[in-house]
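Structural overview
Here is what each chain is made of, one letter per residue.
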Amino acid sequence: MKKAKSVALIGAGKLTGSPLSRFYWLSERLGPVKSSSYRLASRIANHLRAGHPVKDFEEFASTELILVCVPEQMLPGVLVELAAAPIDFNGKAVVLCSLWRDSSELRELSARGAAVGSICLIPGFDELRYLLEGDRLAMLRSRRLVEYRDRRVVTIERSLKPFYLAALTWTGSVLFSVLTAAAECLRLAGVTSAVSVNILEKQVARTLRSFIRAGRKAFPGPDELSTQLCALAVTDPELAHYMEQSTRMAARLRASRKLASAAGS
């Protein structure tokens, strides 16, 4: 007798950037694949080389884990359709495959008894690290689908993903803006682009090493800040303001963390 598949998928859009194709055990466990049309569901199953297309939710009733992997603009409609499906969600897990969305999007399914969660790749780890967020059952079943050899997951409790995303913002767009400001300062100093890149690379690496070794204790307070601000204010007032505000906020943040640390000791 053929063993029933434990995973179902609702998919749509391009799955090239989705973590789905990296799930090691997906080919063994994926059963029904549903999309906006049977033809598209068939195309997704062929792309993943796993599962089989279905026209409705009938086969979802026998699965333990339902993966939802659709473009953001389609997500509200898909979740309304899933919530209205004749499925007993008690004992089932529903997991959203999304970098930016989390289990809060699945609140209606949670109210119907489902364990909910989200999963995404953590950037920079060559597709070997995943972030799992949500209810324990949802994380447990997702983990079984992903982990193999060097592939590991980082788990966080439900509703805490925005803090993880904030970390990506700090080390992404915010850090990028800081590097842009630093590069502009080197340009104003007359340093060539080639040399500027080398200086920035060394400085960032040096700061990162210090942070790894000593954490917040290694905070490098700015020297001769007033001189720097005066020079920038003449040439680039906006950049001077950005630097002044950034250093003030950095000092305040460090001071507040020190007070919190002292209060907890």
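Bear in mind that the values here come from a model prediction, so they are computed numbers and not experimental data.

Strands belonging to one sheet form pairs held by backbone hydrogen bonds; the direction of such a pair is parallel or antiparallel. Spatial strand order, β3-β2-β1-β4-β5-β6-β7-β8: eight strands in an open sheet with mixed pairing. Among the strands making up the open sheet, the edge pair consists of β3 (52–53) and β8 (152–157). In the packing of helix α5 (residues 136–146) onto the sheet, the strands contacted are β1 (7–11), β4 (65–69), β5 (93–97), β6 (115–121), β7 (129–134) and β8, and the crossing angle to β7 comes to about 160°.

Attention shifts here to helix α2 (residues 38–48). Residues Leu40, Ala41, Ile44, Ala45 and Leu48 constitute the buried set of α2. Buried residues of α2, viewed axially, fall in a sector of 140°; they line one side. Residues of α2 that are exposed and angled more than 90 degrees away from the buried face: Arg39 and Asn46. Of the surrounding secondary structure, the elements contacted by the buried residues of α2 are β1, α1 (26–29), β2 (30–34) and β3. One or two residues past the end of α2 sits arginine 49, with phi positive at roughly 55°.

Moving on: the packing of aromatic side chains. Tallying each qualifying case throughout the model produces five aromatic pairs. Ring geometry for tyrosine 24 against tryptophan 25: centres 5.0 Å apart, planes inclined by 85°, an arrangement best described as edge-to-face. Among the residues examined, tyrosine 24 registers a relative accessible area of 35% and is labelled partly exposed. Site record: aromatic cluster; members linked through ring pairs are Tyr24, Trp25 and Tyr148. The ring of phenylalanine 57 carries the charged tip of lysine 34 above its face, separated from the ring centre by 4.9 Å. Over the ring of tyrosine 38 we find lysine 55; its NZ or CZ atom is 5.5 Å from the centre of that ring.

Here is what the cut-offs are and how they apply
- Residues numbered from 1 in each chain as written.
- Predicted model: local features only at pLDDT ≥ 70, side-chain atom pairs only at ≥ 80, totals over all residues.
- Heavy atoms only, no water.
- Pairing = 2+ DSSP bridges.
- Helix = DSSP H or I, 4+ residues; strand = E, 2+ residues; numbered from the N terminus.
- Contact = heavy atoms within 4.5 Å.
- Axes fitted to C-alpha atoms, helices over the stretch in contact; angles between N-to-C directions.
- Buried < 20%, exposed > 50% of the residue type's maximum accessible area, 1.4 Å probe, protein only.
- Arc of directions from axis to C-beta.
- Phe/Tyr/Trp six-rings, centres within 6.5 Å; stacked < 30°, edge-to-face > 60°.
- Lys NZ or Arg CZ within 6 Å of the ring centre and 35° of its normal.

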